[in-house]
Each structure stands twice: as structure tokens, then as C-alpha cells.
Amino acid sequence: MAGGQWLLPWLLLLLLAGGLVAAGGGERSARAAPALFVFGDSLIDSGNNNNLASLAKANYFPYGIDFAAGPTGRFCNGYTIVDELAELLGLPLVPPYSQASTVQEILQGANYASAAAGILDDSGGNFAGRIPFNQQIQNFEATVSQIAAASTGGAAVAAERVARSIVFVGMGSNDYLNNYLAPNYDTRRRYDANQFAALLAGRLAAQLARLYRAGARKFVVAGVGSMGCIPTVLAQSAAGRCSPEVDALVMPFNANVRAMLDGLNAGGGLAGATFTYLDNFRIFKAILANPAAFGFSVVDRGCCGIGRNGGQITCLPFMPPCAERERYVFWDAYHPTAAVNVIIAREAFHGGADVMAPINVAQLARL
């Protein structure tokens with residue numbers, strides 16, 4: 001894969017310079033932004049589903065086995081992408097919005113992400129309780145009002161703080177896995193792949209505009225990552241093969257999002273805002289194309305799961321996980337290990353225009 005070959009030397013330099021730690025938890029940098037606000041799904045949820053009547057929860061062992069605080073609701077053994085990104089920005093790990101009880105706790109950011117959430121409100125419905133992107137935005141609007149009310153400098157100072165903060169948006173996986181591809185949804189009968197991609201991108205554009213109206217100005221928007229080789233997809237094939245068809249479904253969405261963000265940056269009506277695109281699909285493909293180069297040796301099964309490829313049933317409470325977690329690409333049936341998350345976050349922060357366009361997070365923070 002040409003893109004993966006181009007990306008490989010740069011990623012390896014990052015790993016050699018930064019010293020990859022599977023669970024995260026490196027030294028914090030000088031603060032590059034006043035706050036980090038996070039919107040997304042289980043890939044970056046840090047505990048917002050814990051108290052919901054939901055089947056999408058991870059607040060039990062062995063989730064968090066390599067995280068200092070243990071099981072918190074993160075769908076991972078250790079750090080998520082935004083945990084590492086917070087440290088790179090010189091910030092503490094931002095708290096889940098549902099667990100922040102005072103405005104002081106969210107002055108340096110908040111995580112609104114919710115497992116099973118999608119761009120569309122009805123995505124992820126099979127898991128019952130979740131907080132869709134529209135509700136996450138509403139929670140952010142409440143946060144901005146709280147910061148303004150508590151600011152000694154008034155609303156103008158609070159608005160300036162929010163405008164300098166980084167907003168990370170990682171949505172769309174559940175709109176495919178737990179909507180378009182779900183057999184009990186009729187979405188696939190109503191839309192072909194291109195129509196659905198256009199629908200999602202249009203909704204996402206409106207949601208980004210809503211975040212802008214609430215005061216956000218510095219946006220990192222992640223595309224949907226490669227899902228054709230995740231253990232739950234591998235397990236659907238008796239031979240444990242990847243599904244190029246699944247990856248092909250999300251590629252039009254990613255292309256539409258990239259084009260939409262380019263249009264917004266070129267003067268699409270949201271003056272003063274900067275949008276940058278994280279091509280985590282490309283990063284993940286590079287890892288899968290040459291796993292040994294990144295220190296991985298197991299790419300075809302989850303570290304914690306049951307059945308074929310560790311993907312037929314995802315990680316259950318108190319189930320013993322694999323021992324060498326740093327060697328695995330996948331943690332459970334759906335999610336990557338902390339080692340992969342750290343690679344993606346460092347690439348988001350330092351990476352070149354092939355994976356962060358038009359600028360990386362470090363450059364965005366300096367604007």
C-alpha cells in the first residue's frame with residue numbers, strides 16, 4: 001500500500017523519539033491549549049455510559065488493566081487517543097462530563113463521548129442507553145454557559161478561552177457498525193453507500209456549525225477508521241478474513257468529510273474557525289500492513305474476547321486478557337489497544353499532511 005509505505009518512516013521516527021508506552025502515561029508537555037473538549041463514541045468514551053441503562057459499558061475488569069485508575073469506562077486496556085492527546089497538549093486527562101460536578105473540573109476540558117453514539121440519533125439503538133452527538137453538543141453548550149457564568153472576566157473572557165481550546169470530534173463508526181450494517185435496521189435498504197455517506201457528512205456539517213455557534217474555533221475531526229479487519233468482522237468469516245467491503249463502505253464518508261472541512265477552511269461561512277482532518281483510516285492501514293515495524297505481532301484477534309478471532313463475543317467481566325497486550329493491535333472485538341491509540345494520538349499531534357490535513361494538532365494549538 002503506497003500510502004502506508006510513505007507514512008511508515010515518519011511514524012517510526014515518532015515512536016523512537018517518544019518511546020512508546022503501551023498504556024500511555026508519559027511526561028506532560030508544556031500546556032499548548034487551555035482545554036480539550038471531546039466528542040465521540042466508545043473509541044474515546046471515558047465513562048459517560050457508566051450510569052446509563054446501557055449495554056455499552058466498560059467499567060469492569062479487565063478494561064483498564066493498564067490504566068492507573070483501573071476500570072473507568074474506557075473501552076481499552078489503557079489510554080485512549082484523547083488521553084494521550086491531552087498529555088501532549090500539556091493538559092490533565094479531561095473528565096467525563098457525566099462525572100464532573102463543578103465548573104472547576106471542566107475548565108481544562110471535558111469528554112462528552114458515549115459508547116454506541118452516532119452522528120444520527122438512532123444509531124446504536126441496540127445498546128439502549130447512549131448519548132448521541134446532538135446530545136453531546138447540548139452538553140457542551142451547557143458547559144460553555146457554566147464557564148461564562150463562573151468567569152471573573154465575564155462572558156468575553158470565557159469565550160476567548162473556549163475559542164483557544166481544542167475540540168476533538170470522532171464520530172461515525174456506530175452509524176455504520178450499529179446502524180447501516182445492523183440487520184435489524186432498514187437503513188441499507190433506503191440508502192446506497194454514497195447516499196448514506198452524503199447524509200452523514202451533511203448532518204456532521206450542521207453539528208460542527210452548532211459547535212461553532214457555541215464558541216468552538218479549533219477543530220480536529222477524525223474520519224472513520226478502518227473496520228474491515230476488526231475481530232468482530234474477522235469472526236464473521238470461517239477463514240477469519242478481513243472484509244474489504246466494510247472498508248469500502250466508509251471510504252465515501254471519509255472523502256466527503258475531508259472535502260467538507262476543506263470547504264469550511266476555504267471560507268465556508270464559519271469565520272475564524274480552523275478545521276483539520278485526522279486520517280486514522282490511513283494510520284490504521286499502515287499498522288496492519290507492517291505490524292512488526294510498530295512492535296505488534298498479533299493482528300488477527302482481540303486480546304480479550306471469546307470465539308473465533310476473539311471477536312464472536314467481546315470482553316466479558318473478569319475474563320483473563322492476553323498477557324502481552326503491547327503486542328496486540330486489538331484489545332477486544334471492536335477496539336484497538338492502548339499501544340495503537342498512543343500511535344494515532346502522536347501522529348495526530350506531530351504528523352504530516354498525509355494524515356493531518358491541513359495542519360497537525362500542535363500547529364492548530366499555536367494558531
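Located above this text is the structure these notes cover.
Keep in mind that what you see is a predicted model, and the values were worked out from it rather than measured.

Observations concerning the state of the cysteines
- A full pass over the atoms with the stated rule returns three disulfides.
- Linked covalently through their sulfurs, C229 and C242 form a disulfide whose S-S length is 2.0 Å. Around the S-S axis, the bridge from C229 to C242 shows a dihedral of about 120° and counts as right-handed. Within this pair, whereas C229 is found in the loop between β4 (218-222) and α8 (231-234), its partner C242 is found in the loop between α8 and α9 (244-265), the two being separated by 13 residues in sequence.
- Overall, the relative accessible area of 10% leaves C229 in the buried class.

Section: helix α11 (residues 338-350)
- Compared with the 18 Å implied by 1.5 Å per residue over 13 residues, the 18 Å span of α11 between its first and last C-alpha is a close match.
- Burial within α11 is extensive, with 12 of its 13 residues counted as buried.
- Taken together, the buried positions of α11 are A338, A339, V340, N341, V342, I343, I344, A345, R346, E347, A348 and F349.

Description of the environment of A289
- Turning to its location among the elements, A289 is positioned in helix α10 (residues 280-289).
- The spatial distance from the C-alpha of A289 to the C-alpha of E245 is 18 Å, given a sequence separation of 44 residues.

Quick notes on unusual backbone geometry
- The residue after F61, namely P62, is reached through a cis peptide bond having omega 10°.
- For P62, the location among the structural elements is in the loop between β1 (36-40) and α2 (81-88).
- The omega torsion of the bond from A357 to P358 falls at 5°, within 30 degrees of zero and hence cis.
- Along the chain, the position of P358 falls in the loop between β10 (356-357) and α12 (361-366).
- In this model, A128 sits at a positive phi of 65°, which is unusual for a non-glycine residue.
- Assignment of secondary structure puts A128 in the loop between β2 (109-111) and α3 (133-150).
- Here F318, not a glycine, exhibits a phi torsion of approximately 65°, which is positive.
- The exposure class of F318 is exposed, given its relative accessible area of 64%.

Focus on the pairing of strand β3 (residues 166-170)
- Extensive coverage of β3 is indicated by the burial of five of its five residues.
- What you see with β3 is no split at all: I166, F168 and G170 on one side and V167 and V169 on the other are buried throughout.
- Sheet topology places β1 next to β3; five bridges connect them, and they run parallel. Of the residues in β3, the one forming a bridge with F39 is V169.
- Relative to β4, β3 is paired through four bridges, and the arrangement is parallel. Bridge assignment links I166 to a residue of β4, and that residue is K218.

Some details on the packing of α10 against α11
- At a minimum axis distance of 11 Å, the contact between α10 and α11 shows a crossing angle of 130°. Judged by the inter-axis angle, α10 sits oblique to α11. Considering the relative orientation of α10 and α11, their crossing is right-handed. When α10 is examined against α11, the residues N280, I283, F284 and I287 are found in contact with a partner set consisting of V340, I343, I344 and E347.
- In terms of residue class, the contact of α10 with α11 is made up of six nonpolar, one polar and one charged.

Some points on the sheet that holds β10
- Spatially, β2-β1-β3-β4-β5-β10 is the arrangement adopted by the six strands of the open sheet, whose pairing is mixed. A strand with exactly one partner marks an edge of an open sheet, and here the two such strands are β2 and β10.
- Against the sheet, helix α7 (residues 193-213) engages β1, β3, β4 and β5 (274-278), with an angle of about 155° to β4.

Some remarks on the environment of M319
- Relative to the helices and strands, M319 resides in the loop between β8 (313-314) and β9 (328-330).
- A relative accessible area of 15% means that M319 is categorised as buried.
- It is 13 Å that separates the C-alpha atoms of M319 and A333, two residues lying 14 residues apart in sequence.
- Once residues within four sequence positions are removed from consideration, M319 is found in contact with P62, C304, G305 and I306.

Reading the values: rules and limits
- Residues numbered from 1 in each chain as written.
- Predicted model: local features only at pLDDT ≥ 70, side-chain atom pairs only at ≥ 80, totals over all residues.
- Heavy atoms only, no water.
- Disulfide = S-S within 2.5 Å.
- Helix = DSSP H or I, 4+ residues; strand = E, 2+ residues; numbered from the N terminus.
- Buried < 20%, exposed > 50% of the residue type's maximum accessible area, 1.4 Å probe, protein only.
- Expected span 1.5 Å × (residues − 1).
- Pairing = 2+ DSSP bridges.
- Axes fitted to C-alpha atoms, helices over the stretch in contact; angles between N-to-C directions.
- Parallel < 35°, antiparallel > 145°, perpendicular 65-115°, else oblique.
- Left-handed = near helix turned anticlockwise from the far one by under 90°.
- Contact = heavy atoms within 4.5 Å.
- Nonpolar A, V, L, I, M, F, W, Y, C, P; charged D, E, K, R; others polar.

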